[in-house]
Amino acid sequence: MPATSPRLHVMALLFDTDFNRPSDSLVYRHLDGRLFTEEEQAMLRDATDVELQAVGLHVDNPDAEFDAEEAAREMIELLLKYAVPHHEALVPFMTHEDLMEYNRLAVAIATDADRYTPREE
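Residues numbered from 1 in each chain as written. Predicted model: local features only at pLDDT ≥ 70, side-chain atom pairs only at ≥ 80, totals over all residues. Heavy atoms only, no water.

*Asks:* Can you walk me through the pattern of salt bridges in this structure?
*Replies:* Where charged atoms from two side chains of opposite charge approach closely, those side chains can pair. Following the criterion strictly, the structure yields four salt bridges and no others. With a closest N to O distance of 2.7 Å, Arg7 and Glu51 form a salt bridge. Taken together, the residues span a long stretch of sequence, with Arg7 in the segment before α1 (8-15) and Glu51 in helix α3 (residues 49-54) at a distance of 44 residues. As a salt-bridge pair, Arg104 and Glu101 come within 2.7 Å of each other at their nearest N and O atoms. (Salt bridge = Lys/Arg side-chain N within 4 Å of Asp/Glu carboxyl O. Helix = DSSP H or I, 4+ residues; strand = E, 2+ residues; numbered from the N terminus.)

*Asks:* Is there a simple way to explain the packing of α1 against helix α2 (residues 38-45) in this structure?
*Replies:* Helix-helix packing is characterised by the crossing angle of the two axes and by the distance between the axes. Running from amino to carboxyl end, α1 crosses α2 at an angle of 100°, the nearest separation of the two axes being 10 Å. Between α1 and α2, the angle falls in the class roughly perpendicular. In contact with His9, Leu13 and Leu14 of α1, α2 contributes Glu40, Met43 and Leu44. (Axes fitted to C-alpha atoms, helices over the stretch in contact; angles between N-to-C directions. Parallel < 35°, antiparallel > 145°, perpendicular 65-115°, else oblique. Contact = heavy atoms within 4.5 Å.)

*Asks:* Explain the nonpolar core here, please?
*Replies:* Leu14, Phe36, Leu44 and Ala47 are the most contacted members of the largest nonpolar core, which has 13 residues in total. Those elements that place two or more of their residues in this core are α1, α3 and α4 (68-83). For this core, the element with the highest residue contribution is α1, accounting for four residues. Not counting chain neighbours up to four residues away, the residues in contact with Ala47 comprise Arg7, Val10, Leu14 and Leu52. (Core = buried A, V, L, I, M, F, W, Y, C linked by side-chain atoms within 4.5 Å. Buried < 20%, exposed > 50% of the residue type's maximum accessible area, 1.4 Å probe, protein only.)

*Asks:* Explanation requested: the side chain of His30 in the structure shown.
*Replies:* Checked against the element boundaries, His30 lands in strand β2 (residues 29-30). In this structure His30 comes out as buried when scored by relative accessible area, which is 3%. Look past the residues within four positions of His30 in its chain and what remains in contact with it is Leu13, Asp16, Asp18, Leu35, Phe36 and Glu40.

Here is the structure:
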């Protein structure tokens, strides 16, 4: 079965999941403590290995070799692929300070963007 691309709504849910749930609980919670709805529970159960690995969860694969540094680079590239075009999905999870820093960096990048685009001569 070929690997599929992570789905944005599942990734957002995974990033908002408190995986430190009590061992006697079958229900996950959001980072703010709210219980998952039945729909959210179903989305979490249907998360693919690619989606789980993208948020840093270990998925048992005895044949895979693990290089933490390479995995970190790949995760950054994977997350940026979704974060840049869909940054508005991340805003609700950002602190005020992170949002201010994000906006500052975005302006700096946009201001200097023409430097990286090919120019006609």
